[in-house]
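For reference, the chains in residue letters:
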Amino acid sequence: MKEDDQEIEIIETAAQEEEPWCLHCHNFSDYRKKWDTIRRSDLEGGAYSENVVVPQCIACEKPMLFLSTAKKLTWSVYALSTLTWLLGLCSVLFLFGLSPGSIFGLIVLGGFCYLVSRLPQKSRQALQSHQQARREESLKNLLQKL
Ligand SMILES: [Zn+2]
């Protein structure tokens, strides 16, 4: 029981101390924390400001992204757009029936959903560059072994 607790604690600190990824340097480069304030509106119609920490790359001075956040964002947008399209497909099949008009509508909806799924551009770029860097690294390791 006690070991389980310890394990959970270790996992939690690991998640908190995730290194941010620099999209421009393609690396987990050194960063500094920059405080930023975001103005948010509250439920009573007023506004309050919230402090957020933005990691900033020391090498290129650009804001960095956390890969876990990027992954979550990308996948939730993918899921949402796929779900929207499936809903459209269901309504065409069950409500309107197949006709040239409804198929055309479905294609337009498909295009729209595709565009929506491309929206988190920075997050997708970050994930792609991270994957590419990992691939290059494993290739390098392989070449060293040969
Ligand atoms: Zn950088």
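A brief structural summary. None of these values were measured; they are calculated from a predicted model.

## Considerations on the overall build of the protein
Of the regular secondary structure elements, the protein holds four helices and two strands. When the helices and strands of the protein are read in sequence order from the N terminus, they spell out α-β-β-α-α-α. Looking at the protein residue by residue over its 146 residues, the buried ones come to 11%. For the protein, the share of sequence-separated contacts (at least 6 apart) that also reach a separation of at least 24 residues comes to 65%.

## Points about helix α2 (residues 67-96)
Between its first and last C-alpha atoms α2 spans 42 Å; for 30 residues at 1.5 Å apiece the expected length is 44 Å, and the two agree. Those residues of α2 that fall on the buried side of the exposure criterion are A70, T74 and S81. Two residues or fewer after α2 comes G97, characterised by a positive phi angle close to 80°.

## Examining the packing of α2 against helix α4 (residues 121-145)
For the pair α2 and α4, the least separation of the axes is 9 Å and the interaxial angle reads 120°. Classified by the angle between their axes, α2 and α4 sit oblique to one another. Our pair here, α2 against α4, has a crossing hand that is left-handed. Only S123, R124, A126, L127 and H130 of α4 make contact with α2, whose side of the interface consists of L67, A70, K71, L73 and T74. Here the residues of the contact of α2 with α4 sort into five nonpolar, three polar and two charged.

## Let's talk about the nonpolar core
Counting nine residues, the largest nonpolar core consists of W21, C22, L23, C57, M64, L65, A70, A126 and L127. Both of domain 1 (18-64) and domain 2 (66-146) provide at least three residues apiece to this core. Excluding its chain neighbours within four sequence positions, the residues that come into contact with W21 are F28, M64, L65, L67, A126 and H130.

## Digging into the packing of α2 against helix α3 (residues 100-117)
One can describe the packing of α2 onto α3 by two numbers: an axis separation of 8 Å at closest approach and a directional angle of 170°. Relative to α3, α2 is oriented roughly antiparallel. Taken together, the residues of α3 that come into contact with α2 (itself represented by V77, Y78, S81, T84, W85, G88, L89, V92 and F96) are S102, G105, L106, L109, G110, C113, V116 and S117.

Rules and cut-offs
Residues numbered from 1 in each chain as written. Predicted model: local features only at pLDDT ≥ 70, side-chain atom pairs only at ≥ 80, totals over all residues. Helix = DSSP H or I, 4+ residues; strand = E, 2+ residues; numbered from the N terminus. Buried ≥ 20, exposed ≤ 12 C-beta atoms within 10 Å, placed from the backbone. Contact = placed C-beta atoms within 7 Å. Expected span 1.5 Å × (residues − 1). Axes fitted to C-alpha atoms, helices over the stretch in contact; angles between N-to-C directions. Parallel < 35°, antiparallel > 145°, perpendicular 65-115°, else oblique. Left-handed = near helix turned anticlockwise from the far one by under 90°. Nonpolar A, V, L, I, M, F, W, Y, C, P; charged D, E, K, R; others polar. Core = buried A, V, L, I, M, F, W, Y, C linked by C-beta atoms within 7 Å. Domains from an automatic or database assignment.

Coordinates in, geometry out; function isn't part of it.
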